[in-house]
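Fold and contact review
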Amino acid sequence: MGQGTTIRVGPKQPTRAVCVLGTATQLDVCSSAPKDCTFFSIRAPPGVVVDVTHSSPAKRNPTGSSKWPLDPKLEVTLRMKVASSSTGDQKVQISYYGPKTPTVQTLLYLTGVEISLLVDVTRSGKAKPNRSVKDQSTWTWGPSGQGAILLVNCDRDNRKSSCMDCEDEEVFGSKDLQDMSLMTLSTKTPKDFFTKHQLVLHVAKSEMDRVRVFQAVRDKLPCKYKVVLGPQQPCHPLVLPGGQHNTDFYVEGLAFPDADFPGLISLGVSLLDTSNPELPEALVFQDSVAFRVAPWIMTPNTQPPQEVYVCSVFGNEDFVKAVAALAKKAKCKVTVCPEEENQDDQWMQDEMEIGYIQAPHRTMPVVFDSPRDRGLRDFPITCVLGPNFGYVTREPLTGEVTSLDSFGNLEVSPPVTVGEKEYPLGRVLVGSSCYPSKGSREVHQALQDFLVAQRVQAPVQLYSDWLSVGHVDEFLSFVPAPDQKGFRLLLASPRSCYRLFQEQQQQGHGEVPLLEGLKKKKQQKIKDILSDKKLREQNSYVQSCIDWNREVLKRELGLAEGDIIDIPQLFKLMGNAGVGPKAEAFFPNMVNMLVLGKYLGIPKPFGPVINGRCCLEEKVRSLLEPLGLHCTFIDDFIPYHLLHGEVHCGTNVRRKPFDFKWWNMVP
């Protein structure tokens, strides 16, 4: 609800004032009342509503008008029902009475005007907003919340442009306008009103670098758009005709929520009295609308896949074919990044994370570019950013970028409920050292701040620095499940692997080797692995690290043991200069899988072959196929496993956004 000024009346001369429709205007009848008068009355035309509070009428005279005592505690307010057709056409008469003085009358000439900033405050997505909520200056969460939503215009609708749409001051046709939020200024005034009044559109200087507002210039064909608010432009005087008029503005976000920006932006309009050129303009009325910039949202494995990304590098032709075949089963598109673009950097998962942003009128995928900047560093900008596909990144200003800043170390859970707290969009999972030490690695603060500031997927910190690469996707994954929970958490498990191998040895298969058929690889038998005391100690340590994360995940995601599936996996500790030994997968790490709906692309483990079947593969099938999942084991040994990565590390997926709307949650 807008705010107007108080009208003060006195008996010496008539008072002229402006009232904005929908706004209660205070009327001061006491401060200039005639001496010795003790009561007053007000007579108003039908178009003016008078409210007197904190007192009942003292007397009622034969004409039907009421008298009230001249008490400073009284609050008198005026409301205009209709806009004036001419200046001062609503005459209000105030009469003052005293026991020994004649009645004194004064006149108030009111001009009613309509001034409304209209936005999609109810989040309906309608093309033309209307004023269905009185107070548009506040923004609230939840299904009954209110407040308009703004998208960061971070795509590139003009393919010839070298920058994102939010980085220039141009509007590239109707496609660009669709990424913006409509704001309409509705005015209805007497014809000559703006000869003595001025409307100014404005944004706080602290927020002007995070928003840009365009106004259509319709006197030219084709229609052009000029910037009226934005960086270095906190205000804009409007040139408007009198009468009834709607002026459309198009608003784009320039910045995502972050540590120094909570995501809220207020746009205001002020009515100024400019009738006396010898005096500064006087503020008559002010209204504002609140926007929240839409957060960047990640999608978990349980969301349907739409597009798979993979790199073509020397020696991975069969891997690319296998991924493409799996994507075909899942009925999703495949994008292959050629060698000349990836520069022998096949780690597609580490380079980027694909999420989305959403407003009631628009949903857009947005790629989050990691700061690792290896061979794939240009791929998100040159090949992913484009029309209707946005881009965001966070480059650390200071400090070292480590392996933990790659996005294999960034995952998100499916929707969960923890106690009475709901996370309908899941929770972000990031790995860290959990405690500082001389050689410990952390996710850079710039990335942490960005993820926390989005608010809708509250991050959970896991322990991953015990791994050589240090990524959470090396020990966990999520797969869909056809029950009320909707998913299972998969955890790599040395304990489960040793149990499986012990069972096989007890059945007389201790002589069967691992990694059979792989050239230049030492083949260890089941009995050798079970008798290797050093390897068992190392995996006991690894299991303790995974168990720590298991408890964190159970607590922070509200999981029970029945929601977790242990995937057999062994690790080995390898020397790491200056920081001590770190863990690597002993054989291809099956939990590092590609999840495309019910189709799983799992690293082929090359486990012991018993009765013609790999016992590791058979164990995983027995765990996952009862959930309706289809397991395809992909050979990634030479192009990926030997370079400390697997199937998930070498692929990326764009998934369908959630049906749930983020503004309906309460963080």
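Quick note: structure is the one above.
I will try to describe carefully the structure that is included in this document. Remember, it's a predicted structure, so these values are computed and weren't measured experimentally.

Focus on empty space enclosed by the protein
Taken as a whole, this structure holds six cavities of 30 Å³ or more when the rule is applied. Here the largest cavity is characterised by a volume of approximately 180 Å³. Lining the largest cavity are 18 residues, with Asn301, Glu353, Glu411, His648 and Arg655 positioned closest to its centre. Of all elements in the fold, only β27 (410-412), β37 (594-596) and β42 (651-655) reach the threshold of two or more residues within the lining of the largest cavity. Counting residues per element, the lining of the largest cavity draws most heavily on β42, which supplies four residues. Taken together, the residues of the lining of the largest cavity sort by class into nine nonpolar, six polar and three charged. As for the second largest cavity, its lining consists of Leu404, Asp405, Ser406, Phe407, Asn409, Leu410, Val430, Val443, Leu447 and Leu451. Residue composition of the lining of the second largest cavity, by class: seven nonpolar, two polar and one charged.

Observations concerning the environment of Ser137
As for its placement among the helices and strands, Ser137 is situated in the loop between β11 (104-118) and β12 (148-150). It is 8.6 Å that separates the C-alpha atoms of Ser137 and Phe291, two residues lying 154 residues apart in sequence. Discounting residues that sit within four places of it in the chain, Ser137 has contacts with Ser288, Val289 and Ala290.

So, a nonpolar patch on the surface
A surface patch of nonpolar side chains, about 300 Å² in accessible area, is lined by Ile638, Leu642 and Leu643. Its location among the elements puts Ile638 in the loop between β41 (630-634) and β42. Exposure remark for Ile638: the relative accessible area of 62% places this residue in the exposed category.

Topic: the sheet that holds strand β4 (residues 25-28)
With mixed pairing, the four strands of this open sheet are ordered in space as β2-β4-β9-β6. Taken across any chain shown, the strands that pair with only one partner, and hence form the sheet edges, are β2 (7-8) and β6 (48-53). Sheet analysis places β4 next to strand β9 (residues 75-80), joined by three bridges and oriented antiparallel. Paired with Leu27 across the two strands is Val76, which belongs to β9.

A look at the pairing of strand β24 (residues 352-359)
Burial analysis of β24 places eight of its eight residues in the buried class, which makes it a mostly covered element. Side chains Met352, Ile354, Tyr356 and Gln358 project from β24 onto one buried face, and the interleaved Glu353, Gly355, Ile357 and Ala359 project onto a second face that is buried too. Relative to β24, strand β21 (residues 297-298) runs antiparallel, the two being bridged by two bridges. The partner of Ile297 across the bridge, within β24, is Tyr356. Pairing between β24 and strand β25 (residues 362-369): eight bridges, direction antiparallel. Note that in β25 the partner of Glu353 across the bridge is Phe368. Between β24 and β25, which pair antiparallel and follow one another directly, the connecting turn spans two residues.

Points about the pairing of strand β33 (residues 487-493)
Most of β33 is tucked away, with seven of its seven residues classed as buried. Side chains of β33 alternate between two faces, with Phe487, Leu489, Leu491 and Ser493 and Arg488, Leu490 and Ala492 buried alike. Bridge analysis of strand β32 (residues 476-480) against β33 gives five bridges, and the strand direction is antiparallel. Paired with Val479 across the strands is Arg488, a residue of β33. Connecting β32 to the antiparallel partner β33 that follows it, the hairpin turn spans six residues, and Gly486 within it adopts a positive phi of roughly 90°. Across five bridges, the pairing between β33 and strand β34 (residues 564-568) is parallel. Following the sheet pairing, Leu489 is matched in β34 by Ile564.

Let's talk about the environment of Pro482
Looking at where Pro482 falls in the secondary structure, it is placed in the loop between β32 and β33. For Pro482, a relative accessible area of 66% gives the class exposed. Taking the C-alpha atoms as reference points, Pro482 and Ser270, separated by 212 residues in sequence, lie 56 Å from one another.

A few points about the nonpolar core
Membership of the largest hydrophobic core comes to 87 residues, with the highest contact counts inside it found for Met183, Leu201, Leu267 and Trp662. With six residues, strand β20 (residues 282-293) is the largest single contributor of residues to this core. Residues within four places of Trp662 in sequence aside, it is in contact with Trp139, Trp141, Ile149, Arg292, Ala294, Pro295, Ile297, Gln358, Leu425 and Val456.

Thresholds applied
Residue numbering note: each chain is counted from 1, following its sequence as written. Reporting of local features is limited, given that this is a predicted model, to residues whose pLDDT is at least 70; pairs of side-chain atoms are given and counted only at 80 or more, and all residues count toward the totals for whole chains, interfaces and linings. Hydrogens and water are ignored here; the side-chain numbers use all heavy atoms of the structure. The definitions used throughout rest on a 1 Å grid laid over the protein atoms alone, on which a cavity is an enclosed set of points accommodating a 1.4 Å probe that cannot get out and a pocket is an open set flanked by protein within 12 Å on both sides along at least five of seven lines; lining residues are those having an atom within 4 Å of a point. Grid points are joined across faces, edges and corners, and a volume is the space filled by probe spheres set on the points. Segments assigned H or I by DSSP are reported as helices when at least four residues long, segments assigned E as strands when at least two residues long, and all are numbered from the N terminus. Residues are grouped as follows: Ala, Val, Leu, Ile, Met, Phe, Trp, Tyr, Cys and Pro are nonpolar; Asp, Glu, Lys and Arg are charged; every other residue, Gly included, is polar. Every residue pair with non-hydrogen atoms within 4.5 Å of one another is taken to be in contact. Here, patches come from residues exposed beyond 30% relative accessible area and free of salt bridges, joined within 9 Å for like charges and within 5 Å for nonpolar side chains (Val, Leu, Ile, Met, Phe, Trp, Tyr). Note that accessible areas follow from Shrake-Rupley with a 1.4 Å probe, and for residues the cover is restricted to the protein chains shown. Only one rule defines a salt bridge in this text: a Lys or Arg side-chain nitrogen within 4 Å of an Asp or Glu carboxyl oxygen. Any residue under 20% of the maximum accessible area for its type is buried, any over 50% is exposed, and the rest in between are partly exposed; the area is computed with a 1.4 Å probe on protein chains only. Only when DSSP finds a minimum of two bridges between them are two strands counted as paired. Only buried Ala, Val, Leu, Ile, Met, Phe, Trp, Tyr and Cys residues count toward a nonpolar core, and they belong to the same one when joined by side-chain atoms within 4.5 Å.

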